[in-house]
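Here is what each chain is made of, one letter per residue.
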Amino acid sequence: SIMSSLPIPPPGCLLQAFPVPQRLMLGPGPSNVPDRVLAAGAQPILGHLHPETIEIMNQIKSGIQYAFQTRNRVTLAVSGPGHAAMECAIFNSLEPGDSILIAVNGIWGERAAEIAERLGAIVNTVVCPAGGYVPLEEIEQALTKHKPVVFFLTHGESSTGVVHPIDGIGDLCHKHGCLFLVDSVAALGGAPICMDQQGIDILYTGSQKVLNAPPGTAPISFSERAWRTKPISYFLDLKWLANYWGCDDKPARAYHHTGPVSAFYGLRESLSILAETGLENSWKRHKEVAEYFHKGLEDMGLKLFVQDKNARLPTVTTIVAPPGYDWREITGYIMKTFNIEVSGGLGPSAGMVLRVGLMGCNSSKANVDKVLEALADALKHCHKSKV
Ligand code: PMP
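Residues numbered from 1 in each chain as written. Predicted model: local features only at pLDDT ≥ 70, side-chain atom pairs only at ≥ 80, totals over all residues.

Visitor: Got a minute to help me understand the sheet that holds strand β8 (residues 179-183) in this structure?
Guide: The pairing of strands in a sheet happens through backbone hydrogen bonds and is either parallel or antiparallel. The seven strands lie next to each other as β2-β10-β9-β8-β5-β3-β4, forming an open sheet whose pairing is mixed. Each having just a single partner strand, β2 (74-79) and β4 (122-127) make up the two edges of the open sheet. Each adjacent strand pair in this sheet contributes to an overall mean axis angle of 20 degrees, direction not counted. The sheet contact formed by β8 and strand β9 (residues 202-204) spans three bridges and is parallel. Paired with L181 across the two strands is I202, which belongs to β9. On the sheet, helix α2 (residues 51-68) packs against β2, β9 and β10 (217-222) and is oriented at approximately 110 degrees with respect to β2. (Pairing = 2+ DSSP bridges. Helix = DSSP H or I, 4+ residues; strand = E, 2+ residues; numbered from the N terminus. Axes fitted to C-alpha atoms, helices over the stretch in contact; angles between N-to-C directions. Contact = placed C-beta atoms within 7 Å.)

Visitor: How should I be thinking about helix α4 (residues 107-118) in this particular structure?
Guide: Helical periodicity: at 3.6 residues per turn, an α-helix aligns residues three or four positions apart in one direction. Between its first and last C-alpha, α4 extends 17 Å over 12 residues, near the 16 Å set by a 1.5 Å rise per residue. For α4, the full list of buried residues reads I107, W108, G109, A112, A113, I115 and A116. Contacts from the buried residues of α4 go to α3 (82-93), β3 (99-104), β4, β5 (150-154), β6 (156-157) and β8. Where α4 terminates, the next one or two residues include G120, which has phi positive at roughly 90 degrees. (Expected span 1.5 Å × (residues − 1). Buried ≥ 20, exposed ≤ 12 C-beta atoms within 10 Å, placed from the backbone.)

Visitor: Just checking my understanding: could you explain the UniProt feature "domain: Aminotransferase class V" (unreviewed entry) in the chain for this structure?
Guide: What UniProt calls "domain: Aminotransferase class V" (unreviewed entry) maps, in this numbering, to residues 46-370. As annotated, residues 46-370 comprises 38% helix and 17% strand, and the C-alpha atoms at either end are separated by 40 Å. (UniProt positions renumbered as here; feature names shortened; annotations may be inferred.)

Visitor: Could you clarify how one ought to interpret the domain arrangement of the chain in this entry?
Guide: By a widely used convention, the size of an interface equals the accessible area lost when the partners come together. Domain parsing of the chain yields domain 1 (24-30 + 278-381) and domain 2 (35-277). The C-alpha centroid of domain 2 is placed 26 Å from the C-alpha centroid of domain 1. Each partner contributes to the interface: domain 1 provides 29 residues, whereas domain 2 provides 29 residues. For the side of domain 1 that touches domain 2, the secondary-structure elements that each account for two or more residues are α9 (279-299) and β11 (316-320). The element contributing the most residues to the side of domain 1 that touches domain 2 is α9, with five residues. Of the residues assigned to the side of domain 1 that touches domain 2, the class counts are 14 nonpolar, 13 polar and two charged. (Domains from an automatic or database assignment. Nonpolar A, V, L, I, M, F, W, Y, C, P; charged D, E, K, R; others polar.)

This is the structure we're talking about:
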């Protein structure tokens, strides 16, 4: 023991190891990280501007351009979670007093509205019930009425389990002189989206969902017309970030912040897996596995929260909370008995659903069989009241 005269001694809990258990991560994220990606992240630390780091960042950029299907020069990974990309997207495209239109079909539209409000923007929303999406005609009416600078849409609404149709919206936005901003944190790589072809001006995702990289980096891309303002945030200023990622015309990269290099190694490896797999194969697998899961759930007598089959998000499934049960007991039982994470609802679906994520390497029929078995066992053993 170390003799010390300091008033606060070293905490005893830190003087022993803390082994982290293995767990099957079938909630809405983070998902499991393959050994290959974990190993990449365990490599030696290099400087955030060393040539090898810059080469890795350039490869990440190419990987994001592939994953997003974009040729945008300004394509990079924000150092931070999905929320950092969300703020990066909104801060760099909107100024105080600007008008933004937000499609709200779950918690992510609500959060985007709050971020835009804090910035002093004029926020209008088109709202639809949880489990649905906003029809094209309603979007067009709202664009005509509110004349926004930016239209925000969540591609994969992880709170409700809906994949929002994208086709046609980009053209509408551009017809109305508005930027099209899409959150695909929960869907990208698992549900089709093609940034350039679909006229998306700003698109972002997270590392910890379909990409199966550790949480903490967030791929993002901006079209040339989307890069428009000097944001309130120094850390999220796209001018600085674009320079750090070599996306501008400047001959050299300058120090802006210390990039999380270990997280970049992991992200590079996860994009490498996606490149090997192929986007179309990944989309196809997620769809097939999700359909196999949905059939299994219905065969068990469980109900899916999203009625429209085509609107079911292949990465995150929402199951109507089984009547008579306490959903917390079910998720707790599955964690304790099977060491599998599944989660309850969030925002507008809180208390109403169970959410199961099958993302990236976790999207397999073997995992579906495991989670179906766990659910069936939970329904047998958890307390059921008379309804
Ligand atoms: N958008 C969507 C659709 C999400 O599912 C999430 C994460 N659940 C986020 C944004 C925020 O990402 P993060 O938790 O990494 O900040």
